[in-house]
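# Architecture at a glance
Residues per chain are reported as follows:
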Amino acid sequence: MVNIDKLLRSNIKKLSPYSTARDEYDGDIGVFLDANENSFGSIPEGNYNRYPDPHQTVLKKRIAEIKKINRNKIFIGNGSDEAIDLLYRAFCEPGKDSAIIMPPTYGMYKVAAEINNVKIKEVPLTQSFDIDVDNLIATIDSSVKLIFICSPNNPSGNLLNRDAIIKTLSFFNGIVVIDEAYIDFAKSKSWIYSQEKFNNLVVLQTFSKAWGLANIRAGLAIADEKIISIFNKIKYPYNINGLTQQLVLTALNYTEKKEKVVNKIISEREKLRKELLRFNFVKHVFYSDANFLLVSVKEANNVYDFLLQNKIIVRNRSNMINCNECLRFTVGTEEENKRLIETLSKYEKIK
Ligand SMILES: *Cc1c(COP(=O)(O)O)cnc(C)c1O
């Protein structure tokens, strides 16, 4: 077991959090004259004059039921990006502590570290985009407080090796973060249930991808109650607005629909893979457990520019390590994928 208290920054350990007016009374009915809201309300489209529930009680209860985990192990953030930021703020002393990331990977781990003046150590994934576990373990020193593992990884799309992750979890005395933004598209099961075994594991999930709710900004962190209570202490009191809480609650009634869409995206992904492989400028399409494909092409900049001229916007990942001449295509609707393939056919003809 990792001693979480010992890992905490001392100012955070000592912090007494802001107490909201609503923390003193949790009933629904009453004359609320405690929070200096506007009791008259404002617009006819709905009642937005009251502060939202700072603890997202109803929503957490529902998520806990669905995922069959204790609700005290759930943190809801303004996207999973909020949880990434909170991890640095809770565990990393600016200018002193560090975190390990494994590029090529999601950009926010590094940006959030830089904002918090936390040093980043990079342990690149291997050429086949898996964890270089010996190098990872050799890089851990007393300054390292966080290790970010993105699985399925963005931008490569693959799940990372389970044994390497278990080795990391068992060896490391800091926090291991597994970002599962794309887990619904993968064959493997989530790490959230391994949290019972490893109290230093924080799993990130999001409503932005499989759930199709990127616009409303809601992400989850699932971890030991101790870690979640620290997040709750340092988050903005009303970090999840009322509309978002309501909408996520509604979305959770459409689990079957979500699963259908996920299956559709997976079948479109595999269709797209086959079609891409027919072009002679496409060198390789990487295996994907996500809703996008990393594709190695000849002259990535030219392909990228041609698509852009035709108002098809993809991501050029050529500058990332081991992603030389690679583009990342998000799987679109059937129509969108068809347009992509037609435009690439045009590109091939003029080449
Ligand atoms: C898209 C993505 C997220 C989602 O971030 P939100 O802030 O929840 O929208 C998280 N991690 C990775 C690796 C992603 O690609």
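Residues numbered from 1 in each chain as written. Predicted model: local features only at pLDDT ≥ 70, side-chain atom pairs only at ≥ 80, totals over all residues. Heavy atoms only, no water.

## Some points on the sheet that holds strand β8 (residues 282-285)
Ordered in space as β8-β9-β11-β10, the four strands form an open sheet in which the pairing is antiparallel. Single-partner strands in this sheet number two, and they are β8 and β10 (315-316). The pairing of strand β9 (residues 292-297) with strand β11 (residues 326-330) spans five bridges and is antiparallel. Residue pairing in the sheet places Val295 in a bridge with Leu327 of β11. Relative to the sheet, helix α10 (residues 255-277) contacts β8, β9 and β11, its axis offset from that of β9 by approximately 10 degrees. Sheet strands in contact with helix α11 (residues 300-309) are β9, β10 and β11, and its direction is about 35 degrees off that of β11. (Pairing = 2+ DSSP bridges. Helix = DSSP H or I, 4+ residues; strand = E, 2+ residues; numbered from the N terminus. Contact = heavy atoms within 4.5 Å. Axes fitted to C-alpha atoms, helices over the stretch in contact; angles between N-to-C directions.)

## Some details on the domain arrangement of the protein chain
Size of an interface: often given as the accessible area lost when the parts come together. Domains assigned within the protein chain are domain 1 (4-254) and domain 2 (256-350). With 24 residues of domain 1 at the interface, the matching set in domain 2 holds 21 residues. For the pair domain 1 and domain 2, the interface holds two salt bridges. The salt bridge involving Asp289 is made with Lys187; its shortest N-O contact spans 3.9 Å. Our enumeration of links across domain 1 and domain 2 arrives at 10 residue pairs in polar contact (both at pLDDT 80 or more). The class makeup of the residues in the side of domain 1 that touches domain 2 is 14 nonpolar, eight polar and two charged. (Domains from an automatic or database assignment. Salt bridge = Lys/Arg side-chain N within 4 Å of Asp/Glu carboxyl O. Polar contact = N/O pair within 3.5 Å; in protein donor to acceptor, adjacent residues only side chain to side chain. Nonpolar A, V, L, I, M, F, W, Y, C, P; charged D, E, K, R; others polar.)

## Quick look at the site of the ligand
For the ligand, the set of nearby residues contains 13 residues, the closest of which are Asp179, Tyr182, Thr206, Lys209 and Arg217. Protein coverage of the free-state accessible area of the ligand, which is 390 Å², stands at 94%. (Near = heavy atom within 4 Å. Areas by Shrake-Rupley, 256 points an atom, 1.4 Å probe, with all protein chains shown as cover.)

## Looking at empty space enclosed by the protein
The rolling of a water-molecule-sized probe over the atoms marks out the regions of remaining empty space. Per the counting criterion, the structure on display carries one cavity of 30 Å³ or more. Roughly 30 Å³ of internal volume is contained in the largest cavity. If you go around the largest cavity, the residues you meet are Met102, Thr105, Leu125, Phe148, Ile149, Cys150, Asn153 and Leu160. Of the residues that constitute the lining of the largest cavity, the class distribution is six nonpolar, two polar and no charged. (1 Å grid on protein atoms, 1.4 Å probe; cavity = no way out; pocket = protein on both sides within 12 Å on 5 of 7 lines; lining within 4 Å. Points joined across faces, edges and corners; volume = space filled by probe spheres on them.)

## A few points about the environment of Arg278
Note that Arg278 resides in the loop between α10 and β8. Arg278 gets classed as exposed once you look at its relative accessible area, which sits at 68%. (Buried < 20%, exposed > 50% of the residue type's maximum accessible area, 1.4 Å probe, protein only.)

## Concerning the packing of aromatic side chains
The geometry of two aromatic rings is summed up by the distance between their centres and the angle between their planes. If you walk through the whole model with that rule in mind, you get 12 aromatic pairs. Their ring planes at 70 degrees and their centres at 5.3 Å tell us that Phe75 and Phe231 sit as a pair that is edge-to-face. Placement of Phe75 in strand β1 (residues 74-77) and of Phe231 in helix α8 (residues 225-234) is noted, with a sequence separation of 156 residues between them. Across this residue pair, the class does not change: Phe75 and Phe231 are buried. Aromatic pair Phe207 and Trp211: ring centres 5.7 Å apart, planes at 55 degrees, arrangement tilted. Residue classification places Phe207 among the buried residues on the basis of a relative accessible area of 4%. Every member of this aromatic cluster is reached through a ring pair, and the members are Tyr88, Tyr106, Tyr109 and Phe148. Above the face of the Trp191 ring, Arg162 is positioned so that its terminal group lies 4.0 Å from the ring centre. (Phe/Tyr/Trp six-rings, centres within 6.5 Å; stacked < 30°, edge-to-face > 60°. Lys NZ or Arg CZ within 6 Å of the ring centre and 35° of its normal.)

## Here's the deal with the packing of α10 against helix α12 (residues 334-350)
Two elements in contact, α10 and α12, have axes whose closest approach is 11 Å; the angle formed by their N-to-C orientations is 10 degrees. Here α12 runs roughly parallel to α10, going by the angle between their axes. Touching Lys264, Glu268, Lys271, Leu272, Glu275 and Leu276 of α10 are Glu334, Asn337, Leu340, Ile341 and Leu344, all from α12. Class assignment of the residues belonging to the contact of α10 with α12 gives a composition of five nonpolar, one polar and five charged. (Parallel < 35°, antiparallel > 145°, perpendicular 65-115°, else oblique.)

## Let's talk about the state of the cysteines
Overall, the coordinates contain zero disulfides when judged by the stated rule. No disulfide involves Cys323; its sulfur sits 5.2 Å from the nearest other cysteine sulfur, which is in Cys326. Using a relative accessible area of 2% as the deciding quantity, one classes Cys326 as buried. (Disulfide = S-S within 2.5 Å.)

## Thoughts on the layout of surface pockets
Computed from the structure, the largest pocket encloses a volume of approximately 940 Å³. What lines the largest pocket is a set of 25 residues, and nearest its centre among them are Asp28, Tyr51, Pro52, Asp53 and Gln245. Breaking the lining of the largest pocket down by element, the ones donating at least two residues are α3 (57-67) and α9 (242-251). Split into classes, the residues belonging to the lining of the largest pocket amount to 10 nonpolar, nine polar and six charged.

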